[in-house]
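Breakdown of the fold
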Amino acid sequence: MVNEEQEQEIEVLQSIYPDELTVLSEDSFRIRIELETPPGYLPAPAPDDDDEEPQKPTLLLTVRYPPDYPNVSPELSLAIDPSGPRIFDFPADRDAILSSLESTISENLGMAMIFTLVTSIKESAEQLIQERHKAVEEAREEEARLEEEKEMAKFRGTPVTRETFMAWRAKFKEEMEVLKKQREKEKEEEEKSKRGSAATAAIAAAEAAKKRMTGKQLYLTGTVGKDDDVEVDGDEMDISKLKIQDEGK
């Protein structure tokens with residue numbers, strides 16, 4: 001059995017929350033508390049969803065009047081609406097929100113306090129959402145900043161100090177020395193190849209000239225000996241006879 005003061009408070013609450021308040025029994029009722037979230041905090045509705053906006057997270061506050069209310073605290077129970085998004089960590093967040101009401105309850109003993117408690121619950125829950133949203137945004141900004149610094153570092157290069165310059169100079173000299181030896185080796189091999197080609201050409205030219213000389217020319221140049229026979233116009237001739245005839249002239 002509720003007293004007159006409790007009955008009057010229920011009537012006032014029904015006028016404030018016409019769609020949100022549900023009477024459960026003579027001394028108990030439930031109030032749906034819709035929470036506001038920052039833009040972009042909730043995922044967008046699915047393409048086949050008729051709702052233009054995502055459903056708001058909702059808490060369900062169940063209140064039961066003790067016989068001595070409002071001189072004592074009401075019995076409160078807090079739950080998450082299972083049809084809405086689950087963005088809280090219950091029971092940890094539930095306990096934190098209800099614990100934040102202790103000072104408000106103490107300050108309002110002796111007076112109807114349910115509206116004040118509902119307001120406090122809404123503020124505490126939305127503050128939790130704001131803090132978590134801020135933490136997520138800061139983490140994203142930090143990640144973006146680090147990525148930007150990483151990209152900028154590609155254009156800045158390595159700062160030049162005496163130590164880095166001396167290290168670069170030593171490495172440069174070493175690379176130049178290797179390149180110099182490689183070029184000298186290539187030049188030496190090229191010259192060797194040219195000398196070999198010239199010698200081969202000279203031998204080939206001498207052989208060709210030898211084939212074109214007459215027997216007399218071969219004898220006079222010492223290409224053949226005295227006892228060698230050469231062919232003159234298809235006939236073999238004794239070189240010694242050729243020499244005598246030549247001297248007779």
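Quick note: structure is the one above.
Residues numbered from 1 in each chain as written. Predicted model: local features only at pLDDT ≥ 70, side-chain atom pairs only at ≥ 80, totals over all residues. Heavy atoms only, no water.

In this section: the overall build of the protein chain. Along the protein chain, the regular secondary structure elements total 7 helices and 6 strands. Helices and strands appear in the protein chain in the N-to-C order α-β-β-β-β-α-α-α-α-α-β-β-α. For the protein chain, buried positions account for 22% of its 249 residues. In the protein chain, the proportion of contacts linking residues at least 24 apart, taken out of those at least 6 apart, comes to 57%. For the protein chain, the computed accessible surface area is about 18,300 Å², with 51% contributed by carbon and sulfur atoms. (Helix = DSSP H or I, 4+ residues; strand = E, 2+ residues; numbered from the N terminus. Buried < 20%, exposed > 50% of the residue type's maximum accessible area, 1.4 Å probe, protein only. Contact = heavy atoms within 4.5 Å. Areas by Shrake-Rupley, 256 points an atom, 1.4 Å probe, with all protein chains shown as cover.)

A few words now on helix H4 (residues 114–156). The terminal C-alpha atoms of H4, which comprises 43 residues, lie 62 Å apart, in line with the 63 Å expected from a rise of 1.5 Å per residue. Along H4, the positions that sit buried rather than exposed are Ile 114, Leu 117, Val 118, Ser 120, Ile 121, Ala 125, Glu 126, Leu 128, Ile 129 and His 133. Buried residues belonging to H4 abut helix H1 (4–16), strand S2 (28–34), strand S3 (58–64), strand S4 (75–80), helix H2 (92–99) and helix H3 (102–107). (Expected span 1.5 Å × (residues − 1).)

So, on to the nonpolar core. Buried together is how nonpolar side chains tend to be arranged in soluble globular proteins. Core analysis: the biggest nonpolar cluster contains 30 residues, and Phe 29, Leu 59, Phe 88 and Ile 114 have the highest contact counts within it. For this core, the elements supplying multiple residues, two or more each, are H1, S2, S3, S4 and H4. For this core, the leading source of residues is H4, giving 7 residues. Beyond its immediate chain neighbours, meaning those up to four positions away, Leu 59 contacts Ile 31, Arg 32, Ile 33, Leu 35, Leu 78, Ala 79, Ile 80, Phe 88, Phe 90, Ile 97, Ile 121 and Ala 125. (Core = buried A, V, L, I, M, F, W, Y, C linked by side-chain atoms within 4.5 Å.)

Cis geometry marks the peptide bond from Tyr 69 to Pro 70, where omega comes out at 15 degrees. Of note, the amide linkage connecting Phe 90 to Pro 91 takes the cis form, showing an omega dihedral of 10 degrees. In this structure, Pro 91 sits in the loop between S4 and H2.

Right, let's talk about a negative patch on the surface for a bit. Side chains of Glu 177, Glu 184, Glu 186, Glu 188, Glu 189 and Glu 191 sit close together on the surface and give a patch of like negative charge. Of note, Glu 191 is situated in helix H5 (residues 162–212). (Patch = residues over 30% accessible without salt bridge, like charges linked within 9 Å, V, L, I, M, F, W, Y side chains within 5 Å. Salt bridge = Lys/Arg side-chain N within 4 Å of Asp/Glu carboxyl O. Lys, Arg positive; Asp, Glu negative; His and termini not counted. Charge placed at Lys NZ, Arg CZ, Asp CG, Glu CD.)

Applying the stated criterion to the full structure yields 10 salt bridges. Salt-bridge contacts for Asp 95 lead to Arg 94; the nearest nitrogen and oxygen are separated by 3.2 Å. What makes Arg 94 partly exposed here is its relative accessible area of 29%. Glu 126 is the salt-bridge partner of Lys 122, the closest N and O atoms lying 2.9 Å from each other. With a gap of 4 residues between them, Lys 122 and Glu 126 both fall in helix H4, about one helical turn apart.

Read across the sheet, 4 strands follow the order S1-S2-S3-S4 without closing on themselves; strand pairing throughout is antiparallel. In this open sheet, the two strands that pair with only one neighbour each are strand S1 (21–25) and S4. In this sheet, adjacent strand axes meet at a mean angle of 20 degrees when their direction is disregarded. In the sheet, S2 pairs with S3 via 7 bridges, with the strands oriented antiparallel. Counted as the bridge partner of Glu 34 is Thr 58 from S3. Contacts from H4 reach S2, S3 and S4 within the one sheet, and its direction differs from that of S2 by about 35 degrees. (Pairing = 2+ DSSP bridges. Axes fitted to C-alpha atoms, helices over the stretch in contact; angles between N-to-C directions.)

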